[in-house]
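Observations on the three-dimensional arrangement
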Amino acid sequence: LRDEKLSENALARGDQLREGLRALMAVEGSPITLVRGRGLLNAIIIGGDEKGNYGDEGVAWKLCVKMAENGLLAKPTHGNIIRLAPPLTISASQIDECLEIMGKSLQSL
């Protein structure tokens, strides 16, 4: 952890990820209503209930399926929440690639 500065990487890449997710949330028509997290443990909320709402489950699931089809795995939880937890070793370019896949997937919903 220390030698590879994984803690520092987690903080920097987490900030990068949340910044990119907020940009995706700001796109008109985006189903993302909230981005939250710390370090590399993050989540996006689909719809209005930030504590979980199975009424919006279909959109979260469809987005996860689209992302998987485009090469990115994510876990829908509590119906309308999608958990994002990349490895501590993820690079800046890999975060950019993830955000690109998420943007492409959102556009295809």
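Residues numbered from 1 in each chain as written. Predicted model: local features only at pLDDT ≥ 70, side-chain atom pairs only at ≥ 80, totals over all residues. Heavy atoms only, no water.

Of the pairings in the sheet, the one linking strand β2 (residues 41-46) to strand β4 (residues 81-84) comprises four bridges and is antiparallel in character. Along β4, the bridge assignment pairs Ile45 with Ile81. Where strand β3 (residues 75-77) meets β4, three bridges bridge the pair, whose relative direction is antiparallel. Following the sheet pairing, Thr77 is matched in β4 by Ile81. From the end of β3 to the start of β4, which pair antiparallel, there are three residues, and His78 there has a positive phi angle of about 50°. (Pairing = 2+ DSSP bridges. Helix = DSSP H or I, 4+ residues; strand = E, 2+ residues; numbered from the N terminus.)

Turning to the pairing of β2, a few remarks are in order. Most of β2 is tucked away: five of the six residues are buried. Where strand β1 (residues 32-38) and β2 come together, six bridges link them in antiparallel fashion. Among the inter-strand pairings, Arg38 is bridged to a residue of β2, identified as Leu41. Hairpin connection from β1 to β2: two residues lie between these consecutive antiparallel strands, with Gly39 at a positive phi of about 60°. (Buried < 20%, exposed > 50% of the residue type's maximum accessible area, 1.4 Å probe, protein only.)

Moving on to helix α3 (residues 92-107). In this model, α3 (16 residues) spans 23 Å end to end at C-alpha, consistent with the 22 Å of a helix rising 1.5 Å per residue. For α3, the complete set of buried residues consists of Ile95, Cys98, Leu99, Ile101, Met102, Gly103, Ser105 and Leu106. (Expected span 1.5 Å × (residues − 1).)

Glancing now at the side chain of Ser105. If you trace the backbone, Ser105 turns up in helix α3. Among the residues examined, Ser105 registers a relative accessible area of 0% and is labelled buried. Only 3.0 Å separates the side chain of Ser105 from the side chain of Asn70, close enough to count as a polar contact. Discounting chain neighbours no more than four positions away, the residues touching Ser105 are Leu63, Lys66, Met67 and Asn70. (Polar contact = N/O pair within 3.5 Å; in protein donor to acceptor, adjacent residues only side chain to side chain. Contact = heavy atoms within 4.5 Å.)

This part takes up the sheet that holds β1. Across the sheet, four strands lie side by side as β1-β2-β4-β3; this open sheet has antiparallel pairing. Of all strands in the sheet, those with a lone pairing partner are β1 and β3, marking the two edges. Within the sheet, the average angular offset between the axes of one strand and its neighbour, ignoring direction, is 25°. Along the sheet, helix α1 (residues 6-26) makes contact with β1, β2 and β4, crossing β1 at roughly 175°. (Axes fitted to C-alpha atoms, helices over the stretch in contact; angles between N-to-C directions.)

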